[in-house]
Amino acid sequence: MLLSKKTLEIREYTAGEQLNEGYIKLNSNENPYQPSPLVFNALKDINKLNFYPSPKSDALRHELGKLNDFVEDDIFVGNGSDEILGLAFLTYYNQKDKDIIFPDVTYSFYPVWADLYDINYRTIAQNSDFSINPQDYFNLDNCQGIIIANPNAPTTLEMAYEDIESIVVNNQDKVIIIDEAYADFGTYYCTALAKKYQNVLIVRTFSKGWSLAGIRCGYAMGSRVLIEGLNKIRDCFNSYSVDRLTQAAAIAAVKDRDYMHVCIQKVIATRERISSELRKRGYTVPQSKTNFLFITKDGFDARSVYQSLKEQKILIRHFNLPKIKNYLRITIGTDEQMDMLLDALNTIV
Ligand code: PMP
């Protein structure tokens, strides 16, 4: 047998279909707007490609430190936040030991990393409206860590800051990872928790709010001990995981944060308009704090709606999982794209 037992046994993460040509692509929570023009200028000026990049992305960490008012040595940059999350599981949690815990309906990559490293996990059911009771995360037996995506994916919901803090306060002996992939579209960040508590790691991405899914860049903020652990594990895997082009592009984006805010405001305005249009049409649309919607309707056959939209060249995401199989996840595109989606839904449903 040429493959390891792990390779044979593990069920890998399934990413959204990456069909760009000819489709309205609303299936991977990408930003419909281009990144800042400064990013393209920076890429034109790239040089020194014969040399390895800064292993810890020093200049980018400096900019991120200023952006977040965070000590730059307590920031870690990675090749997309997926890479950081994957490294974090290995950095903080023991194999074949107590469980790590996350909500039942959340980012479907978490169980994959756990399985990859033989980290035991269990999930906690949300309420029927997908809201999370913070008390469910207090006094946990047999638990070595907690992962919370805030706002959560695919449910789109944000937890109250005080609720997240209460989970942290009640679990100060374990690392709590807060995945803020979509927080740029929400109402607050948890940066202050990472400053106040040693056991909190915040993970962010350039893929969504910054319109840079194509460069693969993310970052984490936490206490010195958490960041040094990540650096150590990164150096056991790939010391130069973030290339020069990516570092330069991300630096340019951060320097033009006003541009990013304008794009975010456009996405939020479209999100609110389409949410209310869908509610008028009888859909259940939880109050999204992300750049996507999670919708259902009485008597809805989500899978067939997904298929019909695909035939009309509109790609959205359907998860064939028991609790959410009657839901569709739809990324917020431009106003024009979303109007085409509404028209298509009107004829299909
Ligand atoms: N966390 C969540 C909740 C996500 O939905 C995604 C995007 N699939 C990521 C992390 C990873 O994003 P990226 O690797 O592009 O930074």
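These numbers were taken from a predicted model, which means no experiment stands behind them.

> Which residues make up a nonpolar patch on the surface, and what values go with them?
The grouping of Met 1, Leu 2, Leu 3 and Leu 8 at the surface amounts to a nonpolar patch, some 540 Å² of accessible area in total. As for its position among the elements, Leu 2 is in the segment before helix H1 (5–9). Look at Leu 2 and you get exposed, because its relative accessible area is 86%.

> I'd like a description of the site of the ligand, backed by residues and values.
Inspection of the region around the ligand gives 13 residues, with Ser 81, Asp 179, Tyr 182, Thr 205 and Ser 207 positioned closest. Interatomic distance of 3.1 Å between a side-chain N/O atom of Tyr 107 and a nitrogen atom of the ligand. Its free accessible area being 400 Å², the ligand has 92% of it covered by the protein chains. Looking at which element gives the most residues to the shell around the ligand, the answer is helix H4 (residues 80–92), with four residues. Here the shell around the ligand is built from residues that sort into five nonpolar, four polar and four charged.

> Explain the domain arrangement of the chain residue by residue, including any values.
By domain assignment, the chain separates into domain 1 (5–33 + 258–348) and domain 2 (37–254). Taken together, the 30 residues of domain 1 in the interface contact 31 residues of domain 2. Here domain 1 meets domain 2 over a buried area of about 2500 Å², counting both sides, of which 67% is carbon and sulfur. When the buried surface of domain 1 facing domain 2 is broken down by residue, Tyr 13, Met 260 and Lys 289 rank first, second and third, together holding 27% of it. A salt bridge links Asp 104 to Lys 323; the shortest N-O distance between them is 2.5 Å. Linking domain 1 with domain 2 are twelve residue pairs in polar contact (both at pLDDT 80 or more). With six residues, the single largest contributor to the side of domain 1 that touches domain 2 is helix H10 (residues 257–280). Split by residue class, the side of domain 1 that touches domain 2 holds 15 nonpolar, seven polar and eight charged.

> Account for the pattern of salt bridges, with residues named and values stated.
When charged atoms on two side chains of opposite charge get close, those side chains can pair. Taken as a whole and judged by the stated rule, the model has 19 salt bridges. Here Asp 118 and Lys 6 are joined by a salt bridge, their closest N and O atoms 2.9 Å apart. Highlighted residues: Asp 118 in the loop between helix H5 (110–116) and strand E4 (121–124) and Lys 6 in helix H1, separated in sequence by 112 residues. Judged by relative accessible area, Asp 118 falls into the partly exposed class, the value being 30%. In this structure Lys 6 comes out as partly exposed when scored by relative accessible area, which is 26%. The salt bridge partner of Lys 196 is Glu 165, with a shortest N-O separation of 2.8 Å. Of this pair, Lys 196 sits in helix H7 (residues 191–196) while Glu 165 is found in helix H6 (residues 161–169), placing the two residues 31 residues apart along the sequence. Look at Lys 196 and you get exposed, because its relative accessible area is 57%. Connected through salt bridges with shared partners, the residues Asp 58, Arg 61 and Asp 73 form a single ionic network.

> So what about the packing of helix H2 (residues 37–44) against helix H9 (residues 244–255)? Which residues, and what values?
Between H2 and H9, the least distance of the axes is 8 Å, while the angle of their chain directions is 145°. Taken as a pair, H2 and H9 cross one another with a handedness that is right-handed. Residues Leu 38, Val 39, Ala 42 and Leu 43 of H2 form the contact with H9, whose own contacting residues are Leu 245, Ala 248, Ala 249, Ala 252 and Ala 253. Taken together, the residues of the contact of H2 with H9 break down into nine nonpolar, no polar and no charged.

> Break down the nonpolar core for me, with residues and values.
Within the largest apolar cluster, 72 residues are counted, with the highest numbers of intra-cluster contacts made by Leu 60, Tyr 137, Phe 206, Leu 278, Ile 316, Leu 328 and Leu 341. If you count residues domain by domain, this core takes at least three from each of domain 1 (5–33 + 258–348) and domain 2 (37–254). When sequence neighbours within four positions are dropped, the list of residues in contact with Phe 206 reads Leu 60, Leu 64, Ser 211, Leu 212, Ala 213, Cys 217, Gly 218, Tyr 219, Ala 250 and Val 254. Membership of the second largest hydrophobic core comes to 29 residues, among which are Trp 113, Tyr 117, Val 175 and Val 203.

What counts and what doesn't
- Residues numbered from 1 in each chain as written.
- Predicted model: local features only at pLDDT ≥ 70, side-chain atom pairs only at ≥ 80, totals over all residues.
- Heavy atoms only, no water.
- Patch = residues over 30% accessible without salt bridge, like charges linked within 9 Å, V, L, I, M, F, W, Y side chains within 5 Å.
- Areas by Shrake-Rupley, 256 points an atom, 1.4 Å probe, with all protein chains shown as cover.
- Salt bridge = Lys/Arg side-chain N within 4 Å of Asp/Glu carboxyl O.
- Helix = DSSP H or I, 4+ residues; strand = E, 2+ residues; numbered from the N terminus.
- Buried < 20%, exposed > 50% of the residue type's maximum accessible area, 1.4 Å probe, protein only.
- Near = heavy atom within 4 Å.
- Polar contact = N/O pair within 3.5 Å; in protein donor to acceptor, adjacent residues only side chain to side chain.
- Nonpolar A, V, L, I, M, F, W, Y, C, P; charged D, E, K, R; others polar.
- Domains from an automatic or database assignment.
- Contact = heavy atoms within 4.5 Å.
- Buried area = accessible area lost by both parts, 1.4 Å probe.
- Axes fitted to C-alpha atoms, helices over the stretch in contact; angles between N-to-C directions.
- Left-handed = near helix turned anticlockwise from the far one by under 90°.
- Core = buried A, V, L, I, M, F, W, Y, C linked by side-chain atoms within 4.5 Å.

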